[in-house]
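Spelled out, the chains give:
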Amino acid sequence: MRWLLLKDLQILKRSPLQLTLLVLYPIVIALLVGFAMTRGSEDPTVALYNAMPAGESLGFGGEEVDGNEIRDQLCDRVDCVDADSTAEAKEMVESGEATAAVIVPEDLGEKIRSLASLTPQSPEIQIIVNGSDAVENRVTDDRIESMLGEANLLLAKRLSEGAKQYLDLILKGGQFDLLGQQIEVLGLQKSEQILKKIEPKLPPGTDKEQLQRAVRFAHLATDNLDLAGPLLTAITEPIKADKVEVGDQAPSLDTFAIGVTVAFALMFVTVLLVAGSLALEKEENAFTRLTAGLVSRIQILVGKVGLGTVVGFAVSLILMVGLGLFVGIEWGRTPYWLLALIFGAAAFSAAGAALGAAAREVRAATLAAVMICLPVALLSLVPDDAVGPAIETAINLVSALFPFRPALDAITGGLEISGPNVWLPLLHLAILTTAYSLLARLALRRF
Amino acid sequence: MDPQETKLALAARAVTKAFDGRQALDGIDFEVAAGEVVALIGPNGAGKTTLLSILAGISEPDSGEVSGDGVAWVPQQAALYRRLSVRENLLLFAHLQHDAGQTDEAPEAMVDRMLELTGLADRADDRVGTLSGGNQQRVNIAIGLMAGPSVLLLDEPSVGLDPAQRERLWGFVLSLVGEGTAVAFSTHDIQEAERYAERIVVVAEGDGLFSGTADELRQAVEAGGGPSGDLETSFLAFLRERGH
Ligand SMILES: Nc1ncnc2c1ncn2[C@@H]1O[C@H](COP(=O)(O)OP(=O)(O)O)[C@@H](O)[C@H]1O
Ligand SMILES: [Mg+2]
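Given the structure is predicted, the values throughout are model-derived calculations rather than measurements.

Rules of the game
Chains are numbered independently. Their residues run from 1 in the order of the written sequence. Each chain gets a letter, beginning with A, and each ligand a number, beginning with 1, in the order they are written. This being a predicted model, a pLDDT of at least 70 is required before a residue's local features are given, and a value of 80 or more before pairs of side-chain atoms are given or counted; all residues contribute to the totals for chains, interfaces and linings. Where side-chain values are given, they derive from all heavy atoms of the structure, hydrogens and water being excluded. Under the scheme used here, helices are H or I runs from DSSP no shorter than 4 residues and strands are E runs no shorter than 2 residues, and both carry numbers assigned from the N terminus. Polar contacts, as used here, are pairs of N or O atoms within 3.5 Å; protein pairs need one atom able to donate a hydrogen and one able to accept it. Residues neighboring in sequence count only if both atoms are side-chain atoms. Contact criterion: two residues are considered in contact whenever any of their non-hydrogen atoms come within 4.5 Å of each other. The pairing criterion for strands is at least two bridges between them, as found by DSSP. Between the N-to-C directions of two axes lies an angle of 0 to 180 degrees, each axis being a line fitted to C-alpha atoms and, for a helix, fitted only over the stretch in contact. The patch calculation keeps residues exceeding 30% relative accessible area without a salt bridge and links them within 9 Å when they carry like charges or within 5 Å when they are nonpolar (Val, Leu, Ile, Met, Phe, Trp, Tyr). Method for areas: the Shrake-Rupley scheme with a 1.4 Å probe, in which residue coverage is limited to the protein chains shown. We define a salt bridge as a contact between a side-chain nitrogen of Lys or Arg and a carboxyl oxygen of Asp or Glu at a distance within 4 Å. The buried label goes to any residue with under 20% of its type's maximum accessible area, the exposed label to any with over 50%, and the partly exposed label to all in between, with areas taken from a 1.4 Å probe on protein chains only. As a working definition, buried area equals the accessible area (1.4 Å probe) given up by two parts on being put together, with both sides summed. Under the scheme applied, nonpolar residues are Ala, Val, Leu, Ile, Met, Phe, Trp, Tyr, Cys and Pro; charged residues are Asp, Glu, Lys and Arg; polar residues are all the others, including Gly. Confidence scores per residue from the predictor, reported as pLDDT, run from 0 to 100. Pairing of aromatic rings covers Phe, Tyr and the six-membered ring of Trp, with a centre-to-centre limit of 6.5 Å; geometry is then stacked below 30 degrees between planes, edge-to-face above 60, and tilted otherwise.

### Looking at the side chain of Gln-97 of chain B
Right, on to step 1. Relative to the assigned elements, Gln-97 of chain B resides in helix α2 (residues 86-99).
Right, on to step 2. Within the local environment of Gln-97 of chain B, its side chain forms a polar contact with the backbone nitrogen of Ala-147 of chain B, the two atoms lying 3.5 Å apart.
Right, on to step 3. Among all residues touching Gln-97 of chain B, those that are not within four sequence positions of it are Leu-294 of chain A together with Gln-102, Thr-103, Ile-143, Met-146 and Ala-147 of chain B.

Right under this line is the structure:
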């Protein structure tokens, strides 16, 4: 059987079109996708119009948030371009110069300060995006959203610190600045002490009872308000910790893009190669001669599936390493995605063999391969929530019958620990390999 | 043919084969003596290819018996990889036949011998796809000869060859007969049958109508009141007479 495999490789070497496809396809795809992905992760340009008076402090309750802090936060994540008016910012987005604009209104500081007052207003920032660039929009949206999240967090923290100072004031007492006037606040602890001192001097009666109640309240309030301080900080902290973690991890959008690229290449290369190569045996008339006492049909089949698995694996490995030059691949998980590539290549090979055996002609096999692979692969990529439940079931069924979706799941699962489970799609691929091999064997009866 | 006198290389008795309910072979008898050259002649669809492939053991008859050892079969169309060179094709099949236990000869030695035999040693590294039809057929036949068969079955070996190529091919094939290999070939060309075969078997609609020399065929026609003259006319008259 190794002679058959050797012969197939020799033929492949002499087929310039196929060989070019096999070598160039993964390289070109890797370059294209790699560039697209690295470009996509560049910082988007955002036009910023800051109408807030320069250097205005967003202070409240003694805590200060400089307006420039928000600007720094935003421009840390995106490339900022300054605009001089709302209209100019809008124009920059429309012309494509910027993917989004952020308008900081004049009264932002006022509204933020109002948060600490008795009549709080919600501070708003205006965001303008261009609807025509969906992908870039998403990136920009993500950035702005995370920036706003952090700005909100910063405000919440400042607010809680301000609130804590008020609490301290109520608890321990002290000076309080209100509209330029110094106000002396007594504080609950002192009130309690004073009340306790007065209490024994009062004659028994209703007044004494009232006083005792006031002492108990002051005592309870002091104890409980002591807890409120740490609680306020606690509310703001966990959210912040979460944000940082998400930012550090490799975005799973990259993993998905790698998975789709590699699964597509693996599918096309393998299915086309095996289907064509098996149909060629018929076209060159060699099949009857081979099966006339030299080798069995099973051996021919195993040889073809072996050829596809070896070549498909090699091509997808090159592609993977090529993509690894552009985007972060977790090399520690190499054994997992190597398994995914091997199982995927085997399943696509078996599917190709079934196609080739059914088509019996190289041209027909090639055409059938493209016409089946492409739509099924695209169907497998339709997100679940994009269609109704009936269509979703139909799509899932079709996707499960073809190796593309399990191969994609296995590759992405192999690449990322937080991705789909690897073992289930691997099992799925093994079942498909067996099923398609049996179909191919059946079709070879009438080959 | 008297089996007492001559050793049979190959025999088929009452062989039937149907495809989708249509009878391709209808209880045909056929035999080849050792070292004999037999032509199977008949119109297209007569069942020649079906019979030869059953004799070669490639397909199973529905009923009837087939016996014969060391049978090699050469398909009608060259069963070769056109993108591989002559040597690579020969080497592949030499290895496969060696691994299948059909020959003990070392594959490399076998290839050299076949290149010598076909006279294609100087074209050994040319791709088969660049060879003429006649040379492709030589390589095709050479592969059939590798295991040293006692009977060589050739299915329409000269189709698509010009007269000069055809003559060279037969020169090559008949030189094998000299070494004791029997040959059974199918053709629908009566002249080719008369020229190269010792015996002619006429097949039509899956049945054997006649077996004998060309002269005997001519006589059989004339005895039946048919026209005398060239063999082609006799042959056509013979078929017409029997309703074909
Ligand atoms: N694989 C097949 N499937 C269906 N019918 C076939 C097959 N092979 C041969 N036949 C039919 O059997 C008959 C004999 O065919 P064949 O042996 O090829 O004739 P010949 O070689 O004499 O031209 C024809 O009617 C042909 O159509
Ligand atoms: Mg025929």
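### Regarding the sheet that holds strand β4 (residues 63-68) of chain B
Residues and elements named next belong to chain B.
Right, on to step 1. Strand order across the open sheet formed by three strands is β2-β1-β4, with antiparallel pairing between neighbours. In the strand order of this sheet, the two ends are held by β2 (22-33) and β4, each with one partner. Across the sheet, the mean angle from the axis of one strand to that of its neighbour is 15 degrees, orientation sign disregarded.
Right, on to step 2. The sheet contact formed by strand β1 (residues 8-19) and β4 spans five bridges and is antiparallel. For Ala-12, the partnering residue across the bridge sits in β4 and is Val-66.
Right, on to step 3. Against the sheet, helix α1 (residues 48-55) makes contact with β1, β2 and β4, and its axis sits at roughly 55 degrees relative to β2, the strand it touches most.

### Remarks on a nonpolar patch on the surface
Residue and element names in this part refer to chain A.
Right, on to step 1. Side chains of Leu-19, Val-23, Ile-27, Leu-31, Phe-35 and Ile-318 sit close together on the surface and give an oily, nonpolar patch of about 520 Å² of accessible area.
Right, on to step 2. Its location among the elements puts Val-23 in helix α2 (residues 16-40).
Right, on to step 3. According to the relative accessible area criterion, Val-23 is partly exposed, its value standing at 45%.

### Overview of the sheet that holds strand β4 (residues 126-129) of chain A
Residues and elements named next belong to chain A.
Right, on to step 1. If you trace the four strands from one edge of the open sheet to the other, you get β2-β1-β3-β4, paired in mixed fashion. The outermost strands of the open sheet, each flanked by one partner alone, are β2 (79-82) and β4. Adjacent strand axes in the sheet meet at a mean angle of 25 degrees when their direction is disregarded.
Right, on to step 2. Direction of pairing for strand β1 (residues 45-50) relative to β2: parallel, over a ladder of four bridges. By the bridge assignment for β2, Leu-48 is matched with Asp-82.

### Thoughts on the interface of chain A and chain B
Right, on to step 1. Taken together, the 19 residues of chain A in the interface contact 26 residues of chain B.
Right, on to step 2. The largest share of the area that chain A buries against chain B comes from Trp-3, Arg-14 and Arg-289 of chain A, three residues that together contribute 36% of it.
Right, on to step 3. Connecting chain A to chain B are two salt bridges.
Right, on to step 4. Between Glu-284 of chain A and Arg-82 of chain B there is a salt bridge, with the nearest N and O atoms lying 2.6 Å from each other.
Right, on to step 5. The tally of links from chain A across to chain B stands at 13 residue pairs in polar contact (both at pLDDT 80 or more).
Right, on to step 6. Those elements that provide at least two residues to the side of chain A that touches chain B are α1 (2-13), α9 (252-283) and α10 (286-291) of chain A.
Right, on to step 7. Per element, the largest residue contribution to the side of chain A that touches chain B is five residues, and it comes from α1 of chain A.
Right, on to step 8. A class-by-class count of the residues in the side of chain A that touches chain B yields eight nonpolar, five polar and six charged.

### Points about the confidence of the model for chain A
Right, on to step 1. Per-residue confidence for chain A averages 80 on the pLDDT scale, and 80% of its residues sit at or above 70.
Right, on to step 2. Across residues 237-251 of chain A, confidence stays below pLDDT 50; counting only partners more than four residues off in sequence or on other chains, it has six contacts.

### Considering the packing of aromatic side chains
Right, on to step 1. What the rule picks out here adds up to ten aromatic pairs over all chains.
Right, on to step 2. When the ring of Phe-210 of chain B is compared with that of Phe-238 of chain B, the centres are 5.9 Å apart and the planes differ by 75 degrees; the resulting orientation is edge-to-face. Of this pair, Phe-210 of chain B sits in strand β9 (residues 207-212) while Phe-238 of chain B sits in helix α8 (residues 231-241), and the two are 28 residues apart along the sequence.
Right, on to step 3. On the accessibility criterion, Phe-238 of chain B (2% relative accessible area) is buried.
Right, on to step 4. Among the aromatic residues, those joined into a cluster by ring pairs are Phe-264, Phe-268 and Phe-404 of chain A.

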